[in-house]
Amino acid sequence: MRVLHVCSELYPLLKTGGLADVMGALPFAQKQEGIDARVLLPGYPAIFAGIPETYVVAEFFNFAGHILLRYGEYNGVGVYIIDAPHLYDRPGNPYHDQWYQDYTDNYKRFALLGWVGAELATGLDSWWNAEVVHSHDWHAGLTSAYLYNKGKPAKSVFTIHNLAYQGRFAYQHLYEIGLPAGMFHVDGLELYGEISYLKAGLYYSDAVTAVSPTYAKEITRPEFAYGLQGLLGTLEYQGRLHGILNGVDEKIWHPNNDPYITEHYKLKFMTGKKKNKEQLQAYFNLPQNPDAPIFVMITRLTEQKGVDLLLETTDEIVKQGGQLIVLGSGAQHLEQGLWGLTQYYPQNVAVKIGYDEALSHLMVAGGDVILVPSRFEPCGLTQLYGLKYGTLPLVRKTGGLADTVVDSTSENIKAGIATGFVFEDADPQGLRYALNNALNLWKKQRLWFSVRANAMAQDFSWALAARHYLALYNRI
């Protein structure tokens, strides 16, 4: 089966969030399952730097100007790159400038991505055409609309990684991106008087997936749906909405072969975990105390991720002799709040503002508990990394977090199924309750080790996800 993934990021070449991690793993896992999977990406500088050997497979002129389509291989998977320097050759972030202002031509940059995705199902590359076009998040949402407008020459799948970002643009751009006015309708592209690239992906695709079964249910409810509950409820009713859980790329995220850490370990040989903990404490100049539980958090610093809840409950960790280490960047008031904690509790709290891939691996390997207290979380990957590394996830019961972590109640511990700590309400009391549970279990090391063993035995491989996607492609 020939499957084309249309997306805007690919780990490790270009990453702003979890989408890149998925795209850096799923097509490669599908290849292992016998699917002829390829990827289409905008020609950002980082993509060309990572795939320097390409050749031109098509040249054309459309609403976006003069465009070359190049083809190369990355780790054995075919990659199409849209060579349009006037649209994509910009330093830094793929979506906005250094002042966090969205590029004013984003409507055209990502319409072109969708247009090329659809054309690759109808002979744009004379040697290969897609049978299933699988597009990801709003950047690729127009792919399914272009396919629909061409008479649906291939089946289309759209994956929601985060419904909060919708790609909304002014109506007048419709004429510039080559779609007919008849598609601008409540039963089509229109959302609150604007074109929504995300809604296009939802409405025109043969199947829609969310990145966890619980998130697929949650987004049909008004509090999670961002105004799209009617459409999502209809998709659920029609059997077109599915939840398929993301996986973990074990070539990158496994404590026994992690390329970023020096002290490897596995379930039966855990000495390396202690050594990673020592290195982590040393990195942040925290007291070298093996008995202090280390709580780690690696995240975008936003309210969605529950960072404000952590600010209000850090005293609980400190009071009971724990240490807290946070890596991330985001909202200025949350960054300042975290800096304030390091001044107030210099022996217990450490923070690094920014993004540091190597440090994130050391934190997962050296921590004891990984915090993911999100208000909503489509899938979440850090809790999956935590499970794999025996760093017990502490999560709110939402989205993929609810699907992957089993609370350490006495019944669950006895039954051998507990893997972390779960709380219900997105408020400081809820988080404080879960922190107390973790700190109490830490005092019973024998039980802690049994929960840790359960966590490390969980299987969230990409091979599993690839098989679920293949079943879905076959169904449509």
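It should be noted that the structure appears before, not after, this text.
The present account deals with the structure reproduced in this document. Here the structure is a predicted model, which means the values were calculated and not measured.

1. A closer look at unusual backbone geometry
The residue after tyrosine 11, namely proline 12, is reached through a cis peptide bond having omega 0°. Among the structural elements, proline 12 can be located in the loop between β1 (2-6) and α1 (18-23). The backbone phi angle of tyrosine 192 is positive, close to 50°, even though this residue is not glycine. Phi is positive for tyrosine 226, which is not a glycine, with a value near 50°. Note that tyrosine 226 resides in the loop between α9 (222-225) and α10 (229-237).

2. Topic: the environment of proline 346
As for its position among the elements, proline 346 is in the loop between α13 (332-344) and β15 (349-353). Note: C-alpha distance between proline 346 and tyrosine 107 (239 residues apart in sequence) is 46 Å.

3. A look at the layout of surface pockets
The space that makes up the second largest pocket amounts to roughly 340 Å³. Lys274, Lys277, Pro290, Trp442 and Gln445 are the residues nearest the centre of the second largest pocket, which is lined by 15 residues in total. Among the elements that take part in the lining of the second largest pocket, helix α11 (residues 271-283) stands out by supplying five residues, more than any other. Broken down by class, the residue content of the lining of the second largest pocket amounts to four nonpolar, four polar and seven charged.

4. A few points about the packing of aromatic side chains
Considering all chains together, one arrives at 25 aromatic pairs under this definition. Seen in terms of ring centroids, tyrosine 95 and phenylalanine 110 are 5.9 Å apart; in terms of plane orientation they differ by 40°. Their pairing is tilted. Residue tyrosine 95 is found in the loop between α4 (85-88) and α5 (106-119), and its partner phenylalanine 110 is found in helix α5; the two are separated by 15 residues along the sequence. Exposure remark for tyrosine 95: the relative accessible area of 11% places this residue in the buried category. Pairwise contacts between aromatic rings join Tyr95, Tyr107, Phe110, Trp138, Phe169 and Tyr197 into one cluster. The lysine or arginine in question, arginine 90, covers the ring of tyrosine 103, its NZ or CZ lying 4.7 Å from the ring centre.

5. Considerations on the side chain of aspartate 125
Within the secondary structure layout, aspartate 125 lies in the loop between α5 and β6 (132-136). In this structure, aspartate 125 is buried with no salt-bridge partner, the nearest side chain bearing the opposite charge being arginine 38 at 4.0 Å. A polar atom in the side chain of aspartate 125 sits 2.6 Å from the side chain of tyrosine 80. Polar side-chain contacts of aspartate 125 include one of 2.9 Å to the backbone nitrogen of tryptophan 127.

6. A few points about the pairing of strand β5 (residues 77-83)
Judged by how many residues are buried, β5 sits mostly within the fold: seven of seven residues are covered. Here β5 shows no split at all, with Val77, Val79, Ile81 and Asp83 on one side and Gly78, Tyr80 and Ile82 on the other all buried. Taken together, the five bridges between strand β2 (residues 36-42) and β5 define a ladder with parallel strand orientation. Bridge pairing links arginine 38 to glycine 78 in β5. Relative to β5, strand β4 (residues 65-74) is paired through seven bridges, and the arrangement is antiparallel. Counted as the bridge partner of glutamate 73 is glycine 78 from β5.

7. Describing the state of the cysteines
Going through the model one piece at a time under the given rule, you end up with zero disulfides. Left without a disulfide partner, cysteine 7 is nearest to the cysteine sulfur of cysteine 379, which lies 17 Å away. With a relative accessible area of 2%, cysteine 379 lands in the buried category.

8. Describing helix α20 (residues 462-475)
Under the 1.5 Å per step criterion, the end-to-end length of α20 is 20 Å for 14 residues, consistent within 8% with the ideal 20 Å. Turning to α20, its buried residues are Trp462, Ala465, Ala466, Tyr469, Leu472 and Tyr473. Taken around the axis of α20, the buried residues stretch over an arc of 120°, which confines them to a single face. Exposed positions of α20 whose direction lies more than 90 degrees from the buried face are Asn474 and Arg475.

9. Observations regarding the sheet that holds strand β14 (residues 323-328)
The six strands are arranged β15-β14-β13-β16-β17-β18 in an open sheet whose pairing can be described as parallel. Edge strands, defined here as strands with exactly one partner in the open sheet, are β15 and β18 (421-423). Looking at each pair of strands side by side, their axes are set apart by 15° on average, direction ignored. By the bridge criterion, three bridges tie strand β17 (residues 392-396) to β18 in an arrangement that is parallel.

Rules behind the numbers
- Residues numbered from 1 in each chain as written.
- Predicted model: local features only at pLDDT ≥ 70, side-chain atom pairs only at ≥ 80, totals over all residues.
- Heavy atoms only, no water.
- Helix = DSSP H or I, 4+ residues; strand = E, 2+ residues; numbered from the N terminus.
- 1 Å grid on protein atoms, 1.4 Å probe; cavity = no way out; pocket = protein on both sides within 12 Å on 5 of 7 lines; lining within 4 Å.
- Points joined across faces, edges and corners; volume = space filled by probe spheres on them.
- Nonpolar A, V, L, I, M, F, W, Y, C, P; charged D, E, K, R; others polar.
- Phe/Tyr/Trp six-rings, centres within 6.5 Å; stacked < 30°, edge-to-face > 60°.
- Buried < 20%, exposed > 50% of the residue type's maximum accessible area, 1.4 Å probe, protein only.
- Lys NZ or Arg CZ within 6 Å of the ring centre and 35° of its normal.
- Lys, Arg positive; Asp, Glu negative; His and termini not counted.
- Salt bridge = Lys/Arg side-chain N within 4 Å of Asp/Glu carboxyl O.
- Polar contact = N/O pair within 3.5 Å; in protein donor to acceptor, adjacent residues only side chain to side chain.
- Pairing = 2+ DSSP bridges.
- Disulfide = S-S within 2.5 Å.
- Expected span 1.5 Å × (residues − 1).
- Arc of directions from axis to C-beta.
- Axes fitted to C-alpha atoms, helices over the stretch in contact; angles between N-to-C directions.

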